[in-house]
Amino acid sequence: MQTTIAAGPSKERQAFYDKIAPKHLSPLWEALKGLVPVEPRSKFTPHVWRFDECRALLMEAGALLTAEEAERRVLVFENPSMPGGSRITATMYSGMQLILPGEIAAAHRHTASALRLVLEGNMGYTAVAGERTLMERGDFVITPNWAWHDHGQENDKPVIWIDGLDLHIINFFETAFSEHSNDKMQLQARQIGESQARWGSNMRPFNTPSPFGATTPIFNYKYKASREALMAVAASESIDPHLGYALRYVNPLDGGWPMPLIAAWLTHLPKGFESRELRCTDGQTIVMLEGELHVEAGDKSFTAGEGDVVALPSWVWRKVRASKDAVFFTFSDRSAQEKLAIYREERR
Ligand code: 1HN
């Protein structure tokens, strides 16, 4: 039987701890349980951010400051468990970004990798390493680490997307660098669609190395093509009782996740489908693209509709029910966890 006294260490032990503290030493036996828990106990909370509410506030921000003043005009998703932490989950940064007609979000680069999941594309552009891609709803756009990138809109409609960055992992390693370009907008060194043509046709050159190292050379996974693939699978295969119909985005050069630290996939749940319960060690962010989901996660439950963003922390039991035919995008730190061989999941 455990006889630990809740009141804390004895006088003698405490005196000893006080004696060693000035030497910058501490007793492991007082900290061990917290350092090596039996299983993950996330500090973060499942939560939903409503698209309509966030969009209206983002448009208010649009009237308060320009994209140029802001550098990036974003409302950050703050997990309710850590206000001011700029975290949607333990490792991921996420926010909703607005580019107004005629604006440019100036070129910069950093060691964090970024993804954009487009909600209102309106043919705005993002340019990565000298190549533009045009944005449409549902497109999954990637900025590889240390690649120059700028965004803009040349027609009269706003552009809104969800950002996801691995910057907390980069900062944890104390490996964050960034640089501003002298050119607000990158020179266009390649035609729109060139990367897709070169790398997105199930072909690769013999000797050309990957242009972005461990990151996919496809930097816009167009929703139209991803959705078609998903629906083809849904039409002919049986549904996974925990995952629904789900397809991973892949790096065509190695078959792995598209980014070194971030995994991403697309899910379809037919109306009425109710998943079985699952928990996994990656902290996930869901962006609803179509339909409606009822989510139960830990002691929270909520409904998420189109454009809503959901945070699901590590190791929380969850299940979902599609109240309408649903399609949603998920990103997480699973790519990093698999490389470190620490990813786990459990199903029931
Ligand atoms: C960033 O570079 C972008 O390029 C968006 O659009 C959000 C948040 C933190 C750090 C860099 C972007 C960002 C960011």
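Rules behind the numbers
- Each chain carries its own residue numbering, running from 1 in the written order of its sequence.
- Residues qualify for local features only when their pLDDT is at least 70, as the model is predicted, and side-chain atom pairs are given and counted only at 80 or more; totals for whole chains, interfaces and linings, by contrast, use all residues.
- Side-chain numbers here rest on the full set of heavy atoms in the structure, without hydrogens or water.
- Only DSSP runs of H or I reaching four residues or more are called helices, and only runs of E reaching two or more are called strands; each is numbered from the N terminus.
- Based on C-alpha atoms, the radius of gyration is set beside the globule rule, defined as 2.2 Å times the residue count to the power 0.38.
- Between buried and exposed lies partly exposed: a residue is buried under 20% and exposed over 50% of the maximum accessible area for its type, with that area taken using a 1.4 Å probe on protein chains only.
- Accessible surface is estimated by sampling points in the Shrake-Rupley manner with a 1.4 Å probe; for residues, cover comes only from the protein chains shown.
- A positive count includes Lys and Arg, and a negative count includes Asp and Glu. His and the chain ends are not counted in either.
- Every charge is mapped onto a representative atom, which is NZ of Lys, CZ of Arg, CG of Asp or CD of Glu.
- In this description, strands pair whenever DSSP reports at least two bridges between them.
- Simply put, an axis is a line fit to the C-alpha atoms, just over the touching stretch for a helix, and the angle between two N-to-C directions goes from 0 to 180 degrees.

Student: Please provide a residue-by-residue account of the overall build of the protein chain, values included.
Tutor: From N to C terminus, the protein chain includes eight helices and 20 strands. For the protein chain, whose C-alpha radius of gyration is 22 Å, the value lies close to the compact-globule estimate of 20 Å for 348 residues. Looking at the protein chain as a whole, 48% of its 348 residues qualify as buried. Element-wise, carbon and sulfur atoms account for 55% of the exposed surface of the protein chain, whose accessible area totals about 17900 Å². Once the 38 positive and 43 negative side-chain charges of the protein chain are each reduced to a mean point, those two points are 6 Å apart.

Student: Let's hear about the sheet that holds strand 9 (residues 149-152): which residues, and what values?
Tutor: Reading across from one edge, 7-6-9-4-11 is the order of the five strands in this open sheet, with antiparallel pairing throughout. Looking along the sheet, the strands with just one partner apiece sit at the ends: strand 7 (131-134) and strand 11 (178-180). Geometrically, the sheet is characterised by an average inter-axis angle of 25 degrees between neighbouring strands, direction not taken into account. Sheet analysis places strand 4 (residues 104-110) next to strand 9, joined by three bridges and oriented antiparallel.

Student: Before we move on, could you go through the pairing of strand 8 (residues 140-143) and cite the residues and values that matter?
Tutor: Two faces, one strand: in a regular strand the side chains alternate between the faces of the sheet. Neither face of strand 8 is open: one carries F140 and I142, the other V141 and T143, and all of them are buried. Where strand 8 meets strand 12 (residues 220-221), two bridges bridge the pair, whose relative direction is antiparallel. Pairing of V141 across the sheet is with N220, part of strand 12.

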